[in-house]
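Okay, here's what each chain looks like letter by letter:
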Amino acid sequence: MERIVEAMRLPKQPLQCPTMATAGNILTLAALLLPPLYMPNGYVGLVGAKFHLLLWLAGIGCALLLCCLQKSLRRNEHPAKQAQIAGLPLLLLCLSYTVAWLFAENPAVALWGLQGRYNGLIMLFACTVLYFAVQLTGGGIPAAWFGRLLAGAGCAVTLLCGMNFFMLDPLDAYYSFLPESGELFLGTVGNINFYGAFLDLCLPIAVWELFVTPDSDSARLWGAASVCLGAGLVVAGSDAAWLGAVSAVAVLCMARRITAGRLSRLAYAAAVWALCTGTMGLLARLLPARAEWRTVSKFVTQPMVALILAAVCFATGGLLRRRPKVNSWRAVRVLAVAAVMLAAVLVLLANFTVVLPQPLTRLLFFDDQWGSNRGFAWKRLWTVWKDDLTPLQMLFGLGGDAANARLNIDDYSVKYMMLLNGDVFDSAHNEYLQHLICGGVVGLTSWLAFLGLHVRRGLRTAPGLAAAILGYAVQAFFSISMPGVLPLVFVLAALCVKPQPLAARGWYRSLLGLVMAAPPILLLAAV
């Protein structure tokens, strides 16, 4: 019995068996590329199709974990304490949602989630299996390589989203529930919130590669990828995605190894991006588009604003390039702290005074209509957790996707949301508040600990991947999870805590297996 318990703990490094390493690498590749790329039937059934794909990947992960358990029993390997600590919050999160499911008012919804959302216990279990399968299996290939593949997939999705936005549909997959206004444009990920969350995972990886790549040709390549993904933020138009991307890139700029010369690369890429946004703004005036620009996207696509941004970025890049060896991270940190303090002051002034201009006050003033009517949903769910739940429910939550029942609990709530939004909300549109309602204090604390531990560890081992997780975590404050994007967070988190690099002996075999597996995986995503 003791040997079984010992074997179930995490080994010090992934198994060095070439077959296991190749299988684990293929699973990692599939788990990163298939969820965002797989789209069998346009927007109709998109979330459900990605959820069932996730279950297949989790099933393969279970098989690999069983093989891992068997080999660990044979070798009597000792656990790695750091890996155990990193995975413990995830196990506590699953425990919290399991307890909530056992006492849930609607066990079926708590287990599977709502139709079209699937944010239930099953999806959490599937993502957990993927996390441990990626961490325990595979080998020979640095985590950064997988991040580069994800950034490449993000560029492909962005090109498709750009075409969809301008009424082009090469895959014949576009579908909108609002055909007259076209506000729900589609790439392969879904609506603007899901696509924005995906971009927040891809853009920081591309920016980090732009910073650290040693040669100029590779720098141009990653600069182009960063510009492409940044243009995707304009198309998505989600303010949450903008905030997540800016936060992630700012954290990368504050790394100690970033010099003025490396920062100049980002400045030049930002200048090219500004010119692209201005061009997109002109095209939107000449060509039919799915939807109007929103807030930040509307501002940066104005031709004059774009030209000013481009000029400022080009000038900044030139100044930084004059002293390429100077450390710039201190100045970036000072600017970041000043920006956060300024934002906090503006929020306070907007909510407690009348000194700000009216457009800025409308943007920052928190009421029921704030954030596309998220204000009402957040107030309602906070009141539910604070006043309506039992101590057990406050601790472990109501179960997966339980926010829907509490938001639409009476006719008044339904009619009021219809009046505000034209439709009802079925979730908190805030992943942390959603965890508080569905998984309780234990669930929310576990999720925050999981994110924090992996970002902290990843900033030392794989900064691009860690910044990607951070970008997702920031935008998650205003968004919801879905089976096409959330699993990527677990895979990237596993890569952050995976030993780097692995044994060189199996490197060639692992790389060969990865190269051979890539075409079938991409073909499956395209079918």
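All figures in this text were calculated on a predicted structure; none of them were measured in a lab.

Draft legend 1. Representation of the pattern of salt bridges within the structure. A full pass over the atoms with the stated rule returns five salt bridges. Asp217 is the partner of Arg220 in a salt bridge, and the nearest nitrogen-oxygen pair spans 2.9 Å. Of this pair, Arg220 and Asp217 both sit in helix α9 (residues 216-236), three residues apart, which is roughly one turn of that helix. Taking relative accessible area as the criterion, Arg220 reaches 56% and is therefore assigned exposed. Owing to a relative accessible area of 55%, Asp217 belongs among the exposed residues under this scheme. For Asp368, the salt bridge is made with Lys379, and the minimal N-O distance between the two is 3.4 Å. One end of the pair, Asp368, is in the loop between α15 (358-364) and α16 (370-388); the other, Lys379, is in helix α16, and eleven residues separate them in sequence.

Draft legend 2. Up close: the confidence of the model for the protein chain. Taken as a whole, the protein chain shows an average pLDDT of 84; of its residues, 82% reach a score of 70 or greater. Mean pLDDT in the protein chain bottoms out at helix α1 (residues 2-8), which sits at 39, and peaks at helix α21 (residues 463-475), which reaches 96. Predicted confidence for residues 502-506 stays below pLDDT 50, and this span has six contacts to residues more than four positions away or in other chains.

Draft legend 3. Helix α8 (residues 192-212), seen in detail. The end-to-end C-alpha distance of α8 is 30 Å, a good match for the 30 Å that 21 residues give at a rise of 1.5 Å each. Extensive coverage of α8 is indicated by the burial of 20 of its 21 residues. Where α8 begins, one side-chain oxygen reaches toward the backbone nitrogen of Asn193, 3.1 Å away; that side chain belongs to Asn191.

Draft legend 4. Region of interest: the packing of α8 against α9. Contact pair α8 / α9: the axes reach a minimum separation of 9 Å and the direction vectors enclose 160°. When the axes of α8 and α9 are compared, the pair comes out roughly antiparallel. Judged by the twist between their axes, the crossing of α8 over α9 is left-handed. Two secondary-structure elements touch here, α8 through Ile192, Tyr195, Gly196, Leu199, Asp200, Cys202, Leu203, Ala206, Val207, Glu209 and Leu210 and α9 through Ala219, Trp222, Gly223, Ala225, Ser226, Leu229, Gly230, Gly232, Leu233 and Ala236. Here the contact of α8 with α9 is composed, by residue class, of 14 nonpolar, five polar and two charged.

Basis of the calculations
- Residues numbered from 1 in each chain as written.
- Predicted model: local features only at pLDDT ≥ 70, side-chain atom pairs only at ≥ 80, totals over all residues.
- Heavy atoms only, no water.
- Salt bridge = Lys/Arg side-chain N within 4 Å of Asp/Glu carboxyl O.
- Helix = DSSP H or I, 4+ residues; strand = E, 2+ residues; numbered from the N terminus.
- Buried < 20%, exposed > 50% of the residue type's maximum accessible area, 1.4 Å probe, protein only.
- pLDDT = per-residue confidence, 0-100.
- Contact = heavy atoms within 4.5 Å.
- Expected span 1.5 Å × (residues − 1).
- Polar contact = N/O pair within 3.5 Å; in protein donor to acceptor, adjacent residues only side chain to side chain.
- Axes fitted to C-alpha atoms, helices over the stretch in contact; angles between N-to-C directions.
- Parallel < 35°, antiparallel > 145°, perpendicular 65-115°, else oblique.
- Left-handed = near helix turned anticlockwise from the far one by under 90°.
- Nonpolar A, V, L, I, M, F, W, Y, C, P; charged D, E, K, R; others polar.

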